[in-house]
Amino acid sequence: MAADPKEQRDDIGSGRIIRRTPEGSFDYRADDLAVEAPLEIRVGDESVAVTMRTPGHDEELAAGFLVSESLVRERTQIRRIVADHSDANGSIAKVTLVAGLKLKLQTAQRYGTISTSCGLCGKNSIAAIHQQFPALARTHVPRVTAKVLLSLPDRLRAEQENFARTGGLHAAALFDLDGQLLIAREDVGRHNAVDKVIGRAFLDGRWPLARHLLFVSGRASFEIVQKALAAQLPIVASVSAPSTLAMEFARASGQTLISFLRPPTFNIYSHVDRVIMEETVASLDPARARTKTDSA
(Lines give C-alpha, C1' and ligand atoms only; values in the text may rest on other atoms or scores of the structure.)
Protein backbone atom coordinates (compact mmCIF):
# COMPACT_ATOMS: atom_id res chain seq x y z
CA MET A 1 0.00 0.00 0.00
CA ALA A 2 1.28 3.45 -0.86
CA ALA A 3 2.03 5.72 2.07
CA ASP A 4 -0.38 8.53 2.77
CA PRO A 5 1.25 11.70 1.31
CA LYS A 6 0.20 13.51 4.47
CA GLU A 7 2.43 11.22 6.53
CA GLN A 8 5.44 11.84 4.26
CA ARG A 9 5.65 15.55 4.90
CA ASP A 10 8.47 16.70 7.15
CA ASP A 11 6.83 19.98 8.17
CA ILE A 12 3.79 18.35 9.82
CA GLY A 13 3.98 15.73 12.57
CA SER A 14 1.10 13.54 13.64
CA GLY A 15 0.36 11.97 17.00
CA ARG A 16 -2.47 10.45 19.03
CA ILE A 17 -4.06 12.62 21.69
CA ILE A 18 -6.91 12.62 24.16
CA ARG A 19 -9.37 15.46 23.48
CA ARG A 20 -12.21 16.61 25.69
CA THR A 21 -15.24 17.41 23.54
CA PRO A 22 -17.71 20.28 24.11
CA GLU A 23 -20.17 17.70 25.45
CA GLY A 24 -17.74 16.64 28.17
CA SER A 25 -16.75 13.25 26.73
CA PHE A 26 -13.21 12.24 25.78
CA ASP A 27 -12.05 11.10 22.35
CA TYR A 28 -8.85 9.36 21.31
CA ARG A 29 -7.86 10.85 17.97
CA ALA A 30 -5.03 11.87 15.66
CA ASP A 31 -3.69 15.39 15.83
CA ASP A 32 -1.41 17.35 13.48
CA LEU A 33 1.45 19.40 14.91
CA ALA A 34 3.90 21.80 13.31
CA VAL A 35 7.42 20.37 13.32
CA GLU A 36 10.14 22.34 15.11
CA ALA A 37 13.69 21.21 14.32
CA PRO A 38 17.18 22.76 14.19
CA LEU A 39 18.88 23.98 11.03
CA GLU A 40 22.54 24.93 11.05
CA ILE A 41 23.50 27.68 8.61
CA ARG A 42 27.06 27.12 7.48
CA VAL A 43 29.06 29.38 5.16
CA GLY A 44 31.94 27.39 3.77
CA ASP A 45 33.43 25.68 6.80
CA GLU A 46 32.15 28.33 9.23
CA SER A 47 29.03 27.69 11.30
CA VAL A 48 27.13 30.99 11.41
CA ALA A 49 23.98 30.09 13.37
CA VAL A 50 21.56 27.35 14.35
CA THR A 51 17.91 28.29 14.07
CA MET A 52 14.86 26.38 15.24
CA ARG A 53 12.52 26.24 12.27
CA THR A 54 9.85 24.27 10.45
CA PRO A 55 11.59 22.09 7.81
CA GLY A 56 11.13 23.19 4.24
CA HIS A 57 12.49 26.04 2.10
CA ASP A 58 15.78 25.81 4.02
CA GLU A 59 17.78 27.36 1.19
CA GLU A 60 15.51 30.40 1.27
CA LEU A 61 15.81 30.63 5.05
CA ALA A 62 19.61 30.62 4.84
CA ALA A 63 19.63 33.28 2.12
CA GLY A 64 17.18 35.48 4.01
CA PHE A 65 19.21 35.17 7.20
CA LEU A 66 22.43 36.21 5.45
CA VAL A 67 20.72 39.20 3.83
CA SER A 68 18.97 40.40 6.99
CA GLU A 69 22.24 40.11 8.93
CA SER A 70 24.03 42.14 6.22
CA LEU A 71 26.46 39.28 5.62
CA VAL A 72 25.69 39.38 1.90
CA ARG A 73 24.23 42.24 -0.14
CA GLU A 74 24.12 41.01 -3.74
CA ARG A 75 22.68 37.85 -5.30
CA THR A 76 25.93 37.37 -7.22
CA GLN A 77 27.82 36.89 -3.95
CA ILE A 78 26.20 33.48 -3.39
CA ARG A 79 27.28 30.69 -5.69
CA ARG A 80 24.95 28.06 -4.30
CA ILE A 81 23.01 26.92 -1.23
CA VAL A 82 22.40 23.23 -0.59
CA ALA A 83 20.24 21.84 2.22
CA ASP A 84 21.82 18.64 3.58
CA HIS A 85 19.52 16.48 5.71
CA SER A 86 21.83 13.45 5.82
CA ASP A 87 24.19 14.67 8.54
CA ALA A 88 23.97 12.68 11.77
CA ASN A 89 23.84 15.92 13.79
CA GLY A 90 20.84 17.33 11.92
CA SER A 91 20.04 19.47 8.90
CA ILE A 92 22.60 21.89 7.49
CA ALA A 93 22.15 24.67 4.94
CA LYS A 94 25.53 24.83 3.24
CA VAL A 95 26.25 28.18 1.62
CA THR A 96 29.04 28.54 -0.93
CA LEU A 97 30.11 32.08 -1.76
CA VAL A 98 31.88 33.25 -4.89
CA ALA A 99 35.63 32.77 -4.87
CA GLY A 100 37.54 35.35 -2.87
CA LEU A 101 34.57 36.74 -0.92
CA LYS A 102 35.14 36.89 2.83
CA LEU A 103 32.33 37.45 5.30
CA LYS A 104 32.62 39.91 8.19
CA LEU A 105 31.10 37.54 10.70
CA GLN A 106 31.68 39.95 13.56
CA THR A 107 28.78 42.03 12.20
CA ALA A 108 26.34 39.23 13.02
CA GLN A 109 25.36 39.25 16.69
CA ARG A 110 23.19 36.15 17.00
CA TYR A 111 25.11 32.96 17.45
CA GLY A 112 24.32 29.66 19.14
CA THR A 113 20.73 28.50 18.86
CA ILE A 114 18.06 30.96 17.74
CA SER A 115 14.69 30.12 19.23
CA THR A 116 11.45 30.22 17.26
CA SER A 117 10.20 33.09 19.42
CA CYS A 118 13.15 35.42 18.94
CA GLY A 119 14.96 36.43 15.82
CA LEU A 120 17.30 39.26 16.77
CA CYS A 121 17.43 38.80 20.52
CA GLY A 122 21.21 39.07 20.42
CA LYS A 123 21.39 42.45 18.73
CA ASN A 124 23.14 44.94 20.99
CA SER A 125 21.67 48.19 19.70
CA ILE A 126 19.37 49.74 17.14
CA ALA A 127 22.19 52.11 16.23
CA ALA A 128 24.30 49.15 15.11
CA ILE A 129 21.52 48.05 12.77
CA HIS A 130 21.14 51.52 11.27
CA GLN A 131 24.86 51.52 10.51
CA GLN A 132 24.24 48.48 8.30
CA PHE A 133 20.80 49.48 6.97
CA PRO A 134 20.18 53.23 6.75
CA ALA A 135 16.69 54.70 6.95
CA LEU A 136 14.63 54.67 3.76
CA ALA A 137 14.73 57.75 1.57
CA ARG A 138 11.58 59.88 1.68
CA THR A 139 11.64 60.75 -2.04
CA HIS A 140 9.35 58.95 -4.52
CA VAL A 141 7.37 57.41 -1.66
CA PRO A 142 5.42 54.31 -2.85
CA ARG A 143 1.77 54.28 -1.80
CA VAL A 144 -0.90 51.64 -1.23
CA THR A 145 -4.66 52.03 -1.00
CA ALA A 146 -6.66 51.12 2.06
CA LYS A 147 -8.73 48.84 -0.16
CA VAL A 148 -5.65 46.79 -1.04
CA LEU A 149 -4.58 46.59 2.61
CA LEU A 150 -8.00 45.32 3.66
CA SER A 151 -7.79 42.55 1.05
CA LEU A 152 -4.52 41.10 2.38
CA PRO A 153 -5.79 38.95 5.32
CA ASP A 154 -8.08 36.84 3.14
CA ARG A 155 -5.40 36.40 0.49
CA LEU A 156 -2.82 35.27 3.02
CA ARG A 157 -5.27 33.02 4.87
CA ALA A 158 -5.93 31.12 1.65
CA GLU A 159 -2.21 30.23 1.54
CA GLN A 160 -2.00 29.02 5.16
CA GLU A 161 -2.65 25.34 4.53
CA ASN A 162 -0.45 24.13 7.37
CA PHE A 163 -1.84 26.63 9.88
CA ALA A 164 -5.34 25.38 9.09
CA ARG A 165 -4.19 21.87 10.03
CA THR A 166 -2.01 22.62 13.04
CA GLY A 167 -2.88 26.08 14.39
CA GLY A 168 0.82 26.41 15.23
CA LEU A 169 2.48 28.26 12.37
CA HIS A 170 3.19 31.87 11.54
CA ALA A 171 2.92 33.15 7.99
CA ALA A 172 4.61 35.93 6.05
CA ALA A 173 3.86 37.12 2.55
CA LEU A 174 5.25 39.51 -0.03
CA PHE A 175 2.73 41.57 -1.98
CA ASP A 176 3.10 44.20 -4.65
CA LEU A 177 1.37 47.53 -4.11
CA ASP A 178 -1.63 46.40 -6.15
CA GLY A 179 -2.24 43.55 -3.71
CA GLN A 180 -0.90 40.71 -5.86
CA LEU A 181 0.50 37.90 -3.71
CA LEU A 182 4.03 37.06 -4.85
CA ILE A 183 5.51 34.79 -2.13
CA ALA A 184 4.02 33.23 1.01
CA ARG A 185 5.75 31.03 3.57
CA GLU A 186 4.87 29.43 6.94
CA ASP A 187 7.08 28.55 9.90
CA VAL A 188 6.91 28.02 13.66
CA GLY A 189 9.17 31.08 13.97
CA ARG A 190 7.77 34.36 12.67
CA HIS A 191 11.26 35.60 11.86
CA ASN A 192 11.96 32.38 9.94
CA ALA A 193 8.84 32.87 7.82
CA VAL A 194 10.04 36.38 6.97
CA ASP A 195 13.56 35.12 6.20
CA LYS A 196 12.08 32.53 3.82
CA VAL A 197 10.07 35.18 1.97
CA ILE A 198 13.01 37.60 1.77
CA GLY A 199 15.37 34.79 0.83
CA ARG A 200 13.15 33.61 -2.02
CA ALA A 201 12.89 37.14 -3.41
CA PHE A 202 16.67 37.58 -3.07
CA LEU A 203 17.47 34.29 -4.83
CA ASP A 204 15.04 35.16 -7.63
CA GLY A 205 16.75 38.51 -8.22
CA ARG A 206 13.64 40.44 -7.16
CA TRP A 207 15.79 42.91 -5.23
CA PRO A 208 15.58 45.30 -3.52
CA LEU A 209 11.92 45.28 -2.52
CA ALA A 210 11.36 49.01 -2.48
CA ARG A 211 7.96 48.80 -4.22
CA HIS A 212 6.50 45.93 -2.23
CA LEU A 213 4.99 45.33 1.20
CA LEU A 214 5.38 42.63 3.84
CA PHE A 215 2.35 41.18 5.63
CA VAL A 216 2.67 38.86 8.65
CA SER A 217 0.00 36.80 10.35
CA GLY A 218 0.99 37.49 13.94
CA ARG A 219 2.33 40.51 15.77
CA ALA A 220 4.81 43.03 14.38
CA SER A 221 7.93 42.59 16.49
CA PHE A 222 11.19 44.47 16.24
CA GLU A 223 12.99 41.77 14.26
CA ILE A 224 10.22 41.71 11.64
CA VAL A 225 10.57 45.43 10.96
CA GLN A 226 14.37 45.17 10.96
CA LYS A 227 14.35 42.38 8.41
CA ALA A 228 11.97 44.40 6.25
CA LEU A 229 14.42 47.32 6.37
CA ALA A 230 17.22 45.01 5.25
CA ALA A 231 15.13 44.28 2.15
CA GLN A 232 14.21 48.00 1.79
CA LEU A 233 10.55 47.13 2.25
CA PRO A 234 8.73 50.42 2.85
CA ILE A 235 5.49 49.00 4.29
CA VAL A 236 5.04 46.34 6.98
CA ALA A 237 1.57 45.16 8.00
CA SER A 238 0.50 42.68 10.66
CA VAL A 239 -2.69 41.04 11.86
CA SER A 240 -1.87 41.61 15.53
CA ALA A 241 -0.22 44.27 17.67
CA PRO A 242 3.17 45.90 17.19
CA SER A 243 5.69 46.21 19.97
CA THR A 244 6.80 49.64 21.13
CA LEU A 245 10.30 48.92 19.82
CA ALA A 246 8.93 47.93 16.40
CA MET A 247 6.98 51.19 16.24
CA GLU A 248 9.96 53.30 17.28
CA PHE A 249 12.24 51.49 14.84
CA ALA A 250 9.78 51.94 11.95
CA ARG A 251 9.46 55.67 12.68
CA ALA A 252 13.23 56.09 12.78
CA SER A 253 13.73 53.96 9.65
CA GLY A 254 11.19 55.71 7.43
CA GLN A 255 8.91 52.66 7.24
CA THR A 256 5.12 52.58 7.35
CA LEU A 257 3.91 50.20 10.06
CA ILE A 258 0.30 49.00 9.98
CA SER A 259 -1.04 46.64 12.64
CA PHE A 260 -4.34 45.16 13.82
CA LEU A 261 -5.14 44.71 10.11
CA ARG A 262 -8.50 43.02 10.59
CA PRO A 263 -11.09 44.18 8.04
CA PRO A 264 -12.75 46.58 8.11
CA THR A 265 -10.21 48.29 10.39
CA PHE A 266 -6.48 48.80 10.85
CA ASN A 267 -4.11 51.09 12.75
CA ILE A 268 -1.25 53.09 11.23
CA TYR A 269 1.68 53.66 13.58
CA SER A 270 4.22 55.44 11.38
CA HIS A 271 4.58 57.34 8.11
CA VAL A 272 0.88 57.51 7.23
CA ASP A 273 1.61 59.24 3.90
CA ARG A 274 2.09 55.87 2.19
CA VAL A 275 -1.56 54.89 2.74
CA ILE A 276 -4.20 56.28 0.36
CA MET A 277 -7.35 56.57 2.44
CA GLU A 278 -9.80 58.52 0.24
CA GLU A 279 -11.72 55.55 -1.12
CA THR A 280 -12.23 54.18 2.40
CA VAL A 281 -13.65 57.52 3.59
CA ALA A 282 -16.04 57.53 0.63
CA SER A 283 -17.25 54.00 1.28
CA LEU A 284 -17.86 54.63 4.99
CA ASP A 285 -19.41 58.10 4.69
CA PRO A 286 -21.42 58.60 1.47
CA ALA A 287 -22.50 62.11 2.52
CA ARG A 288 -18.89 63.17 2.92
CA ALA A 289 -18.06 61.59 -0.44
CA ARG A 290 -20.80 63.66 -2.10
CA THR A 291 -19.50 66.82 -0.48
CA LYS A 292 -15.98 66.11 -1.73
CA THR A 293 -17.35 65.45 -5.25
CA ASP A 294 -19.53 68.58 -5.27
CA SER A 295 -16.66 70.77 -4.18
CA ALA A 296 -14.21 69.34 -6.68
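Going by the structure above, here's the rest.
Notes on the structure in this doc start here. (Residues numbered from 1 in each chain as written. Predicted model: local features only at pLDDT ≥ 70, side-chain atom pairs only at ≥ 80, totals over all residues. Heavy atoms only, no water.)

## Quick look at the overall build of the protein
- What the protein contains, in helices and strands, is 10 helices and 15 strands.
- Split into buried and exposed, the 296 residues of the protein put 48% on the buried side.
- For the protein, the share of sequence-separated contacts (at least 6 apart) that also reach a separation of at least 24 residues comes to 53%.
- Accessible surface, the protein as shown: approximately 14500 Å² in total, 51% of it carbon and sulfur. (Helix = DSSP H or I, 4+ residues; strand = E, 2+ residues; numbered from the N terminus. Buried < 20%, exposed > 50% of the residue type's maximum accessible area, 1.4 Å probe, protein only. Contact = heavy atoms within 4.5 Å. Areas by Shrake-Rupley, 256 points an atom, 1.4 Å probe, with all protein chains shown as cover.)

## Topic: the environment of Leu169
- On the secondary structure map, Leu169 appears in the loop between helix 5 (161–166) and strand 9 (170–176).
- Note on Leu169: relative accessible area 5%, which makes it buried.
- Along the chain, Leu169 and Ala34 lie 135 residues apart, while their C-alpha atoms are 6.7 Å from each other.

## Overview of the nonpolar core
- One finds Leu66, Ile78, Val95, Leu214 and Leu257 to be the most contacted residues of the largest nonpolar core, which totals 50 residues.
- Broken down by element, the residue count for this core peaks at seven residues, all from helix 6 (residues 190–203).
- In this structure, Leu66 is in contact with Val43, Leu71, Val72, Ile78 and Val95, ignoring residues within four places of it in sequence.
- Core analysis: the second largest hydrophobic core is formed by 19 residues, Leu152, Leu156, Ala171 and Ile258 among them. (Core = buried A, V, L, I, M, F, W, Y, C linked by side-chain atoms within 4.5 Å.)

## Some details on the pairing of strand 10 (residues 181–187)
- When you tally the buried positions in strand 10, you get five out of seven residues, the bulk of the element.
- The pairing of strand 9 with strand 10 spans six bridges and is classified as antiparallel. By the bridge assignment for strand 10, Ala173 is matched with Ala184. (Pairing = 2+ DSSP bridges.)

## Quick notes on the sheet that holds strand 9
- The strand order across the open sheet formed by six strands is 10-9-11-12-13-14, and the pairing between neighbours is mixed. If you trace the sheet from one side to the other, it starts and ends with strand 10 and strand 14 (265–270), each paired once. Adjacent strand axes in the sheet meet at a mean angle of 20°, parallel and antiparallel pairs treated alike.
- Docked against the sheet, helix 8 (residues 244–253) engages strand 13 (256–262) and strand 14, running at close to 60° with respect to strand 14. (Axes fitted to C-alpha atoms, helices over the stretch in contact; angles between N-to-C directions.)

## Brief notes about the packing of helix 7 (residues 222–230) against helix 8
- Closest axis-to-axis distance for the helix 7/helix 8 pair is 8 Å, and the angle between their directions is 20°. In terms of orientation, helix 7 and helix 8 fall into the roughly parallel class. The element helix 7 and its partner helix 8 pack so that their crossing is right-handed. Facing Phe222, Val225, Gln226 and Leu229 of helix 7, the residues of helix 8 in contact are Leu245, Ala246, Phe249, Ala250 and Ser253.
- Along the lines of polarity and charge, the residues of the contact of helix 7 with helix 8 split into seven nonpolar, two polar and no charged. (Parallel < 35°, antiparallel > 145°, perpendicular 65-115°, else oblique. Left-handed = near helix turned anticlockwise from the far one by under 90°. Nonpolar A, V, L, I, M, F, W, Y, C, P; charged D, E, K, R; others polar.)

## Details of empty space enclosed by the protein
- In this structure the tally under the stated criterion is one cavity of 30 Å³ or more.
- In this structure, the largest cavity spans a volume of roughly 30 Å³.
- The wall of the largest cavity is formed by His170, Ala171, Ala172, Arg190, Ala193, Val194, Val216, Ser217, Gly218 and Arg219.
- Of all elements in the fold, only strand 9 and helix 6 reach the threshold of two or more residues within the lining of the largest cavity.
- Looking at side-chain class alone, the lining of the largest cavity contains five nonpolar, three polar and two charged residues. (1 Å grid on protein atoms, 1.4 Å probe; cavity = no way out; pocket = protein on both sides within 12 Å on 5 of 7 lines; lining within 4 Å. Points joined across faces, edges and corners; volume = space filled by probe spheres on them.)

## Description of a nonpolar patch on the surface
- A cluster of nonpolar residues, Ile18, Phe26 and Tyr28, forms a patch on the protein surface that exposes about 400 Å² of accessible area.
- Mapped onto the elements, Ile18 comes out in strand 1 (residues 12–20). (Patch = residues over 30% accessible without salt bridge, like charges linked within 9 Å, V, L, I, M, F, W, Y side chains within 5 Å. Salt bridge = Lys/Arg side-chain N within 4 Å of Asp/Glu carboxyl O.)

## Brief notes about the layout of surface pockets
- There is about 270 Å³ of room inside the largest pocket.
- Listed by contribution, the elements that provide at least two residues to the lining of the largest pocket are helix 5, strand 9 and strand 10.
- Ranked by residues supplied to the lining of the largest pocket, first place goes to strand 10 with three residues.
- When grouped by side-chain class, the residues that make up the lining of the largest pocket number five nonpolar, five polar and seven charged.

## What about the pairing of strand 1?
- Where strand 1 and strand 2 (residues 26–34) come together, nine bridges link them in antiparallel fashion. Across the sheet, Ile12 pairs through a bridge with Ala34, a residue of strand 2.
- Linking strand 1 back to strand 2 in an antiparallel pair, the connection comprises five residues, with Gly24 at a positive phi of about 100°.

Honestly, it's all geometry; don't read function into it.
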